[in-house]
Structures are given as structure tokens and as C-alpha cells.
Amino acid sequence: MARWCYRHRLVVLLIWVGAVFGLGVAGTAAGTDYANEFSLPNTDSTRAYQLLEKAFPQAAGDTDTVVWKVDEGSVRDESVRSRIEPKLAEIAKMAGVGAVAGPYAPGGAAQISENGRIAYARITFTEQANGVPKDTIENVVETARSAERDGLQVELGGQAIAKTQDPPAGIAETVGILAAAVVLFLAFGSFFAMLLPLVVAVAALGTGLMTIALLSHVTDLPEFAPLLGSLIGLGVGIDYALFIVTRHRRGILRGARPEDAAATALNTSGRAVLFAGGTVCIALAGMLVMNMRFLDGVVIATSVTVVLSVLAAMTLLPALLGLLGMRVLSRRQRRRLEATGPEPLEANGLAARWSSYVERRPRSTAAMALLAMLILALPVLSIRLGATDQGNHRESTTTRQAYDLLAEGFGPGFNGPLLVVVANGDANALVSKIRTTEGVAQAGAAPASHGVTVIQVVPTTSPQSQSTDQLIDRLRDDIVPASGAEAHVGGVTATFKDFAAVTGDRLPYFVAAIISLGFLLLMVAFRSLMVPLTAALMNLIAAAASFGVLVAIFQWGWGTELLGVGKEGPITAFLPVIMLSLLFGLSMDYQVFLVSRMHEEWVHTKDNARAVRVGLTETSRVINSAALIMICVFSAFVLSGDLEGAMAGIGLAAAVALDAFILRTALVPAAMHLLGNSNWWLPAGLDKRLPHLAVEPAEEPEAGEPAPVVHGFVRDTDGAPVGDASVTLLTKGGRQLDRVTSRADGSYTLSVPAPGTYLLAATAPSYGSRARQVTIEDGPLVYDVELPEPSEEGADEVDAVN
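Residues numbered from 1 in each chain as written. Predicted model: local features only at pLDDT ≥ 70, side-chain atom pairs only at ≥ 80, totals over all residues. Heavy atoms only, no water.

1. As for the overall build of the chain
Then step 1. Looking only at helices and strands, one finds 25 helices and 18 strands in the chain.
Then step 2. Taking the principal axes of the C-alpha coordinates as reference, the chain spans close to 115 × 55 × 50 Å.
Then step 3. Looking at the chain as a whole, 54% of its 802 residues qualify as buried.
Then step 4. A separation threshold of at least 6 residues defines the contact pool for the chain, and within that pool the share at least 24 residues apart is 76%.
Then step 5. Of the charged side chains in the chain, 60 are positive and 76 negative; the average position of the first set lies 4 Å away from that of the second. (Helix = DSSP H or I, 4+ residues; strand = E, 2+ residues; numbered from the N terminus. Buried < 20%, exposed > 50% of the residue type's maximum accessible area, 1.4 Å probe, protein only. Contact = heavy atoms within 4.5 Å. Lys, Arg positive; Asp, Glu negative; His and termini not counted. Charge placed at Lys NZ, Arg CZ, Asp CG, Glu CD.)

So, in C-alpha cells, the structure goes:
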């Protein structure tokens with residue numbers, strides 16, 4: 001397929017351009033129909049909501065608030081009333097506004113605080129917040145704020161009002177793409193190579209978002225689904241293309257024709273991308289275990305973007321590689337390739353030195369990495385799930401100011417009233433019991449409708465306080481059952497408390513499901529028990545550390561105002577499920593890319609130390625580059641204007657940073673060095689029963705035994721590695737068969753034409769030479785060479801051989 005797309009590049013490009021524009025036109029014409037349905041089946045808050053919806057259908061529109069405060073005097077003063085009342089009347093006449101209930105109307109005295117300095121009016125729109133036109137909301141805000149003067153503060157709060165504070169659409173994505181472009185240019189040094197992953201990701205993201213918009217008409221998708229789709233789609237889209245382009249460029253630099261290099265890149269890294277995309281979708285599908293309907297929409301939206309990202313990497317990318325040809329390299333690389341020929345196969349540099357260090361000191365490396373992760377994970381022990389509200393917005397926003405004014409004038413619990421919905425029984429008696437309940441500031445019943453009475457209960461504590469949670473339990477467990485009435489406790493605060501409880505109960509099953517599925521996939525792919533077990537443990541460690549960072553920032557408040565994300569509070573109840581799905585999927589990506597290269601080397605040499613060393617050397621740079629891109633993309637979602645989006649962005653950015661720079665670069669390879677050959681052990685009986693699903697391409701040589709090689713290290717007499725040593729394999733008659741230069745860590749690999757007895761010679765500047773006879777059988781031979789000082793005995797053995 002890669003060669004077909006490469007050769008028919010114009011056809012592939014036309015198909016993709018047609019898909020992007022076609023879906024764009026269809027999506028724009030159809031619009032969106034997102035459903036913010038967060039109810040949970042078989043919970044008390046859901047039963048309350050269902051009764052409310054049936055008894056009070058006229059209250060379906062979004063209700064927002066206008067709050068004003070005077071520095072001196074009272075809001076009842078004529079000078080204040082004459083400014084506020086006309087504005088409220090003007091708002092009531094606007095299209096899209098159903099009703100305005102102010103404190104100056106009959107029966108509105110309760111909307112004025114006890115000290116008379118704060119008052120509020122309720123604005124009920126004819127639609128829910130996501131259905132109210134933004135122009136209408138902006139007119140409401142502008143009209144209300146125009147009543148301000150010195151000594152009179154006017155603020156507005158509510159879900160519809162919050163829409164006016166959202167930054168322009170696409171800001172987070174644009175910033176993430178620009179940051180990714182910088183990282184890609186530094187990694188590739190080529191403008192055209194930098195563009196490739198960006199074009200692929202943008203094409204996949206564009207088609208993905210339009211597809212999500214169309215799907216919103218046929219299934220329930222939450223309003224934040226496109227944001228999460230953008231977050232995951234942009235990250236994996238760039239990363240998948242990055243892995244393939246890196247392998248393609250390496251092939252050209254090593255002498256392959258561009259078409260052959262593209263085919264090889266898609267047959268190696270492309271297979272890993274396909275497998276990695278599948279693991280991400282499986283991790284996302286794990287959310288279905290939670291049995292929360294709105295999460296089903298999240299699974300659909302995010303999986304669509306991942307699938308399209310994989311499809312773009314497998315089809316659009318080889319077509320673009322065909323268009324660029326040699327221009328995928330920088331001018332300097334092309335000139336060097338023409339002047340000096342292909343690069344050697346051996347990798348040197350910082351990555352090789354670090355890989356050698358991990359091999360020499362696996363215990364200390366693993367201990368330091370594990371200690372760092374455990375320290376970062378400590379805050380997760382105090383995690384508290386709940387709801388964020390407008391009290392968590394930035395201090396500069398009008399919604400936060402309105403929230404604080406209402407709390408100041410009417411008590412901290414006023415912003416999150418509980419709704420006790422009475423279907424049968426004496427509502428008045430229940431009101432009397434609730435008013436005397438500990439933690440209740442006030443309670444009052446509204447007129448009954450269709451046999452249903454709603455009691456509004458204002459707690460003495462804020463919606464995010466643990467005392468409010470205790471009040472909900474008290475009402476449900478003691479007060480309502482004792483009254484004999486059929487009643488249910490609902491409202492936003494109670495709903496999110498139920499979310500937190502359900503999430504906590506089902507989370508172990510969810511984690512077990514995605515870990516089990518990931519374990520089975522990796523076991524089948526790498527024919528090993530220890531590789532998937534190591535991956536599962538590392539994923540759990542990464543999750544704990546990333547949630548520790550999330551708790552420290554958003555729950556403890558370490559830097560929330562500095563980041564511009566508002567005030568600290570509990571972690572949104574459904575966020576752990578979404579984050580864990582994304583985190584496990586992305587962690588599996590990096591595990592697949594790292595271990596697939598190790599496994600490829602293990603198949604060739606059957607030497608675990610070399611497999612781990614080479615795998616880390618050749619993939620660490622691209623994994624770190626991919627991680628930097630992910631961190632930039634995810635961190636940019638702090639600018640999305642959505643607190644849950646900011647939480648997910650910061651949490652995933654921290655998770656990717658820890659996963660790539662600590663786990664995959666240090667802890668995983670150190671653990672694999674310590675485990676040795678047991679990394680690749682699989683019981684023979686299980687091996688026969690498992691299906692074969694290879695991440696690496698089939699070997700070109702005949703099936704059976706791996707090609708014989710001799711490999712090892714060149715060291716001096718003190719055991720220090722000797723780099724740039726010349727290592728030669730000769731026949732017993734002195735004919736040269738293969739010659740390589742040792743890497744920075746002293747490692748070398750020589751190809752052997754067939755089993756037999758040969759001469760192995762090594763020499764290096766400032767050292768003596770040494771030659772030994774080696775016998776190589778069917779498998780690889782590990783042979784370390786010790787070079788003496790020039791004055792030592794035996795330092796001129798190679799001369800004698802020659």
C-alpha cells in the first residue's frame with residue numbers, strides 16, 4: 001500500500017482534499033447537535049432530574065444571574081433602582097429571553113441580602129446555554145454592565161454568560177501546532193520535513209472534527225467531545241507522522257532510494273503506528289465499562305480522530321513523501337550525502353552514551369527513576385473528586401465576581417442549592433424537618449406542579465465543601481426516609497457527588513479492563529510475558545504520578561492563578577476516567593515504539609543487552625521529540641477557556657513528560673537489563689495457542705534461525721569503553737569479510753556469512769592491537785575485546801596476523 005500511495009500520490013492527495021472540503025461543507029451546513037446529558041442511571045440525582053423535567057417542562061431554558069452591589073447605602077435606594085430596573089426591563093424584551101425575575105418586583109424581597117448592599121435578578125433564556133446565540137448573551141452582558149457607576153458594581157454569572165468569556169475557537173489548537181512546528185524544525189532541520197507531520201495531523205483533525213459534528217446528529221455526544229478529540233487527535237497525529245518520517249529520512253541517509261525508504265518506513269514504523277493506534281482505541285473503549293452514557297460519546301469522538309490520524313499516516317503521508325522526494329532532507333544533509341556517501345548503520349552520540357550508562361548501572365538508574373515517580377505520586381493520596389463551578393474561574397472574570405458576590409451576600413451555599421423533589425407525601429412537614437437539619441441555611445418549597453413539589457435547600461457551606469457532601473448523605477439517609485415522603489435529592493452539587501461515588505466504585509473495573517486488554521495485545525505482539533507486565537506496571541506508575549501533579553496544581557492550588565486557570569478545587573469527577581484512557585493509550589504508544597525496536601534486534605541477535613541498548617539508542621531521540629510535541633499540544637489547552645480542558649491538558653502533559661523522560665528513557669530499559677533474557681520468555685504451550693500478530697515486518701531471509709553475527713564491546717584494560725575502534729572479521733586466510741567502527745559505548749556488531757571459524761581483529765588510536773580466533777555457530781556470538789596499552793605484551797598481535 002505504501003508504494004501504491006507513493007506512486008499515485010496525486011490521486012491520494014485529491015481524495016484527501018476532497019474528503020476535507022466535502023466533510024467541511026457538510027459539517028458547516030448541518031451544524032452541531034451536542035447533548036450535554038450527564039445523568040447517571042439508577043442514582044438519586046437522576047430520579048430527581050426526571051421528576052423535574054416531567055413536572056416543570058417550562059423551566060427547560062438556562063437560568064443566569066445579574067448581581068449588583070453598592071459600596072454605600074442600599075440597593076433599595078432610588079439612585080440604584082432607577083439605574084438597574086430599566087436595564088432589567090430592556091433585557092426582558094430581548095429575543096431569546098423568556099423571563100426576568102428581579103428583587104424590585106412583588107415577592108422579590110428575598111433577592112436582597114440582609115445588609116441591603118447586594119441583590120440579584122434571574123434571567124431565564126428560552127434555550128439551554130449551548131443553544132442561546134452568542135450575540136444575545138453579549139447584548140445581555142453589555143446592557144447589564146452599562147448600569148455600573150462609581151460605587152455600583154454589576155456582575156453576571158451562569159452557564160450562558162460563561163460562553164462570552166471563552167477565547168476564540170481554535171486558539172489552543174493553533175498555539176499547539178505552532179509549538180509543535182518549532183520542535184519539529186529543531187528535530188529535522190528541514191522546513192519541508194517539519195511540514196509533513198503538521199499537514200498530516202491537520203488533515204486528520206479537520207476530517208475528524210467535521211465527522212464528530214455530523215455524528216452529533218445521530219448519537220449523543222457531549223459538548224466537550226470535540227475538545228478532547230482535538231487534544232488527542234492533534235497529539236497522536238503529529239507523533240505518528242513523526243515516527244514514520246524519522247524512519248524514512250534515516251533510510252535515505254543510509255543509501256536507500258526515497259521510494260524504497262518510504263516503503264521500508266511504512267513496513268516498520270508504519271506497522272508500529274497501526275498497532276499503537278489500535279491500542280489507543282482499545283484504551284478509549286475501556287470507558288464503556290463505566291456504563292456512563294455521556295462517556296460513550298467521548299469514546300466515539302476520540303476514537304474517530306485516532307482512526308483518521310492512523311489512516312492519514314498510512315496513506316496521505318507516503319503520498320506527500322513521494323511529492324518531496326529527496327527534499328525531505330535538509331540541503332546540508334543532501335550535500336553531505338552526495339559528498340561522503342551513506343551514513344553508517346551504527347548510532348553514536350548522546351543517546352548511545354546514555355544507553356550505555358543505563359546498561360552499566362541498571363540498579364541505580366531504576367532506583368532513582370522509581371523514587372522520583374513515587375515522590376510525584378504522593379499527592380494522589382489526597383485526591384478528592386467533585387465538581388468545579390464558576391467559583392473556580394479566574395478572579396478577573398465576571399462569572400467569578402458574580403459567584404463571590406452571591407456567596408458574600410447570601411452565604412457560601414447559595415451558589416449550589418440542593419433540590420429535594422417530592423413526588424408523594426407531606427412536603428410542608430419535610431420542609432420543617434430540613435430547616436432544622438445541621439448544615440442547612442435555609443429551605444423553601446415552590447408551588448406544586450403535576451403533583452411534584454420542589455424544595456430548594458441552601459447549605460451553610462460551599463458546593464465544593466465536604467460538609468455539603470455530608471449534608472446530602474444526611475438528607476438521603478436520615479431526613480427523607482424519616483419523613484415518610486417519596487423524595488429525591490438532586491441539583492448540580494448532588495449530581496456531581498453521585499458522579500464521584502459512581503466513578504470511585506467502577507474505577508477499579510475500568511483500570512483492570514484496560515490493563516488486561518493492553519497486556520494481551522503486547523503479549524501477542526512481542527511473544528512475551530514480562531514485556532506486557534512491565535508495561536502495565538509502568539502505566540500504573542505514570543498514572544499515579546500524573547494525578548499527583550494534577551492534585552498539587554488544581555486541588556492544592558500550586559500555581560493555578562499563575563497558569564491562569566482560576567481557583568483551586570476538587571478534581572472533576574469524570575476526569576480520571578477520560579484521562580486514564582488517554583494516558584494508557586499514549587503510554588502504550590511509547591512502549592510499542594520502544595520495545596518493537598528492541599524486539600527487532602532481539603530476533604536478529606538473541607542478545608538481550610544489545611537489544612535493549614540498540615532499541616533505546618535508536619528510539620530515545622524520536623520518543624523524546626514526540627513527547628515534547630505532545631507536551632506543547634496538551635499544555636496549549638490551558639488556553640481553551642474550559643477548566644476541564646485545562647485539567648486534562650496539564651495532566652496529560654505531565655503524564656507524557658514523566659512517561660517519556662523518566663519511564664521509557666530510564667526505568668523501562670533499566671528494568672529490562674535487570675530481567676535479562678526472561679524479558680522474551682513465553683511458555684511453549686501458550687506460544688502455540690496465541691495468534692501471531694507481528695509489529696515488525698517478516699524477515700527477508702529464509703525462515704528459521706537468525707543470521708549469525710558476532711557482537712560485543714571493545715574496552716581497555718580498566719574496563720572503560722573504547723569508541724572509534726576498528727573491528728575486523730577475516731577468514732583464516734586473511735581475507736576481510738566485514739569491518740565496523742565501535743560506537744561511543746564501545747559496542748560493535750559484525751556480520752558473518754556463515755557458521756565457521758574466523759579471525760577477529762581490533763585496533764584503535766592510542767591503544768595496541770589484538771586478534772583472536774573465534775568460532776561462530778548458528779546463533780549470534782557475544783565476544784568482548786580488551787585492547788592493551790601499546791607497551792603491553794601482545795599489543796602487536798594484529799601485525800602478526802596480517
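Still more to cover.
2. Considerations on a nonpolar patch on the surface
Then step 1. A surface patch of nonpolar side chains, about 520 Å² in accessible area, is lined by Val182, Phe185, Leu186, Phe191 and Phe192.
Then step 2. Of all elements in the fold, only helix 7 (171–188) and helix 8 (191–215) reach the threshold of two or more residues within the nonpolar patch.
Then step 3. Residue contributions to the nonpolar patch peak at 3 residues, all from helix 7.
Then step 4. Secondary-structure assignment places Phe191 in helix 8.
Then step 5. Look at Phe191 and you get partly exposed, because its relative accessible area is 49%. (Patch = residues over 30% accessible without salt bridge, like charges linked within 9 Å, V, L, I, M, F, W, Y side chains within 5 Å. Areas by Shrake-Rupley, 256 points an atom, 1.4 Å probe, with all protein chains shown as cover. Salt bridge = Lys/Arg side-chain N within 4 Å of Asp/Glu carboxyl O.)

3. Some details on empty space enclosed by the protein
A probe as big as a water molecule, rolled over the atoms, marks out the empty space that is left.
Then step 1. All told, the structure shown has 4 cavities of 30 Å³ or more when counted by the stated rule.
Then step 2. Put simply, the second largest cavity is a space of about 110 Å³.
Then step 3. Around the second largest cavity, the lining is made up of 17 residues, and of these Ile514, Gly518, Phe519, Asn539 and Met588 lie nearest the centre.
Then step 4. Only helix 10 (258–285), helix 18 (492–526), helix 19 (530–555) and helix 21 (575–605) provide two or more residues apiece to the lining of the second largest cavity.
Then step 5. With 7 residues, the single largest contributor to the lining of the second largest cavity is helix 18.
Then step 6. Looking at the lining of the second largest cavity, its residues break down into 13 nonpolar, 4 polar and no charged. (1 Å grid on protein atoms, 1.4 Å probe; cavity = no way out; pocket = protein on both sides within 12 Å on 5 of 7 lines; lining within 4 Å. Points joined across faces, edges and corners; volume = space filled by probe spheres on them. Nonpolar A, V, L, I, M, F, W, Y, C, P; charged D, E, K, R; others polar.)

4. Quick notes on unusual backbone geometry
Glycine aside, negative phi is the norm for most residues, and most peptide bonds take the trans geometry.
Then step 1. A positive phi is found at His450, a non-glycine position, where the angle reads about 55°.
Then step 2. Within the secondary structure, His450 sits in the loop between strand 7 (440–445) and strand 8 (453–459).

5. Some remarks on the packing of aromatic side chains
Then step 1. Summed over the entire model, instances satisfying the criterion amount to 9 aromatic pairs.
Then step 2. Members of the aromatic cluster, joined through ring pairs, are Tyr120, Phe410 and Phe414.
Then step 3. Seen from the ring of Phe713, Arg715 lies directly overhead, with NZ or CZ sitting 4.4 Å from the centre. (Phe/Tyr/Trp six-rings, centres within 6.5 Å; stacked < 30°, edge-to-face > 60°. Lys NZ or Arg CZ within 6 Å of the ring centre and 35° of its normal.)

6. Describing the side chain of Thr143
Then step 1. Mapped onto the elements, Thr143 comes out in helix 5 (residues 134–145).
Then step 2. For Thr143, the side chain forms a polar contact with the main-chain oxygen of Asn139, separated by 2.7 Å.
Then step 3. Those residues within four positions of Thr143 in sequence are excluded, and the remaining contacts are Lys87, Glu90, Ile91 and Met94. (Polar contact = N/O pair within 3.5 Å; in protein donor to acceptor, adjacent residues only side chain to side chain.)

7. Things to note about the sheet that holds strand 4 (residues 152–157)
Then step 1. Pairing in this open sheet of 4 strands is antiparallel, and the strands run 2-3-1-4 from one edge to the other. The sheet terminates laterally at strand 2 (97–101) and strand 4, the two strands that pair on one side only. Strand-to-strand twist across the sheet, computed as the mean angle between neighbouring axes with direction ignored, equals 20°.
Then step 2. Relative to strand 3 (residues 118–125), strand 1 (residues 63–70) runs antiparallel, the two sharing 7 bridges. Among the inter-strand pairings, Thr65 is bridged to a residue of strand 3, identified as Arg122.
Then step 3. The strands touched by helix 4 (residues 78–92) are strand 1, strand 2, strand 3 and strand 4; relative to strand 2, the strand with the most contacts, the crossing angle is about 160°.
Then step 4. With respect to the sheet, helix 5 is in contact with strand 1, strand 2, strand 3 and strand 4, its orientation differing from that of strand 4 by roughly 160°. (Pairing = 2+ DSSP bridges. Axes fitted to C-alpha atoms, helices over the stretch in contact; angles between N-to-C directions.)

8. Points about the confidence of the model for the chain
Then step 1. For the chain, the average pLDDT comes to 84, and 93% of its residues sit at 70 or higher.
Then step 2. Overall, residues 698–705 carries pLDDT values under 50, and its contacts beyond four positions in sequence, including any with other chains, amount to 2 contacts.
Then step 3. Per-residue pLDDT stays below 50 along residues 793–802; that stretch engages in 21 contacts with residues further than four places along the chain or on separate chains. (pLDDT = per-residue confidence, 0-100.)

9. Quick notes on the packing of helix 21 against helix 23 (residues 643–675)
Then step 1. Closest axis-to-axis distance for the helix 21/helix 23 pair is 10 Å, and the angle between their directions is 30°. For the element pair helix 21 / helix 23, the angle class is roughly parallel. The handedness of the crossing between helix 21 and helix 23 is right-handed. Every residue of helix 23 that contacts helix 21 at Leu575, Met579, Leu582, Leu583, Leu586, Ser587, Tyr590, Gln591, Leu594 and Met598 is listed here: Glu644, Met647, Ala648, Gly651, Leu652, Ala655, Val656, Asp659, Ala660, Arg664, Val668 and Met672.
Then step 2. Taken together, the residues of the contact of helix 21 with helix 23 break down into 16 nonpolar, 3 polar and 3 charged. (Parallel < 35°, antiparallel > 145°, perpendicular 65-115°, else oblique. Left-handed = near helix turned anticlockwise from the far one by under 90°.)

10. Observations concerning the environment of Pro708
Then step 1. Summarising the element assignment, Pro708 is placed in the loop between helix 24 (684–689) and strand 11 (709–716).
Then step 2. Take Pro708: its relative accessible area is 13%, and that puts it in the buried class.
Then step 3. Distance in space between the C-alpha atoms of Pro708 and Ser751 is 6.9 Å, their sequence separation being 43 residues.

11. Some thoughts on the environment of Gln736
Then step 1. Positionally, Gln736 belongs in strand 13 (residues 736–741).
Then step 2. Between the C-alpha atom of Gln736 and that of Leu759, which follows or precedes it by 23 residues, the distance is 9.3 Å.
Then step 3. If sequence neighbours within four positions are ignored, Gln736 has contacts with Thr728, Leu729 and Leu730.

12. Regarding the pattern of salt bridges
Then step 1. Per the stated rule, a full pass over the model turns up 17 salt bridges.
Then step 2. Among the salt bridges present, the one from Arg3 reaches Glu259, with a minimum N-O distance of 3.2 Å. Residue Arg3 is found in helix 1 (residues 2–7), and its partner Glu259 is found in helix 10; the two are separated by 256 residues along the sequence.
Then step 3. The exposure class assigned to Glu259 is buried, which follows from its relative accessible area of 13%.
Then step 4. Here Arg3 makes a salt bridge to Asp260, at a shortest N to O gap of 3.1 Å. Taken together, the positions of Arg3 in helix 1 and Asp260 in helix 10 put the pair 257 residues apart, joining distant regions of the chain.
Then step 5. Relative accessible area serves as the criterion here: at 23%, Asp260 is assigned to the partly exposed category.
Then step 6. Put simply, Arg3, Arg7, Arg257, Glu259 and Asp260 are held in one network by salt bridges that share partners.

13. Quick look at helix 11 (residues 293–324)
Then step 1. Taking 1.5 Å of rise per residue, 32 residues should cover 46 Å, and helix 11 covers 46 Å from first to last C-alpha, within 8% of that figure.
Then step 2. Ala312 marks the point of greatest bend in helix 11, at about 35°.
Then step 3. Helix 11 sits mainly inside the fold: 26 of its 32 residues count as buried. (Expected span 1.5 Å × (residues − 1). Bend = angle between axes of the 7 residues up to and from the residue.)

14. Describing the sheet that holds strand 9 (residues 486–490)
Then step 1. The sheet built from 4 strands is open, its strands ordered 7-8-6-9 with antiparallel pairing. Each edge of the open sheet carries a strand with a single partner, namely strand 7 and strand 9. Pairwise comparison of adjacent strand axes, ignoring direction, gives a mean angle of 20° for this sheet.
Then step 2. In this sheet, strand 8 lies alongside strand 6 (residues 418–424) in antiparallel orientation, the contact comprising 5 bridges. In the sheet register, Leu419 faces strand 8, and the bridge partner there is Gln456.

15. Details of the packing of helix 14 (residues 362–377) against helix 23
Then step 1. At their nearest, the axes of helix 14 and helix 23 sit 8 Å apart, and the two run at 140° to each other. By the criterion of interaxial angle, the relationship of helix 14 to helix 23 is oblique. Crossing of helix 14 against helix 23: the hand is left-handed. Here Pro362, Arg363, Thr365, Ala366, Ala369, Leu370, Met373 and Leu376 of helix 14 lie close against helix 23, whose contacting residues are Leu658, Ile662, Leu663, Ala666, Leu667, Ala670, His673 and Leu674.
Then step 2. Each residue belonging to the contact of helix 14 with helix 23 can be placed in one class, and the counts come to 13 nonpolar, 2 polar and 1 charged.

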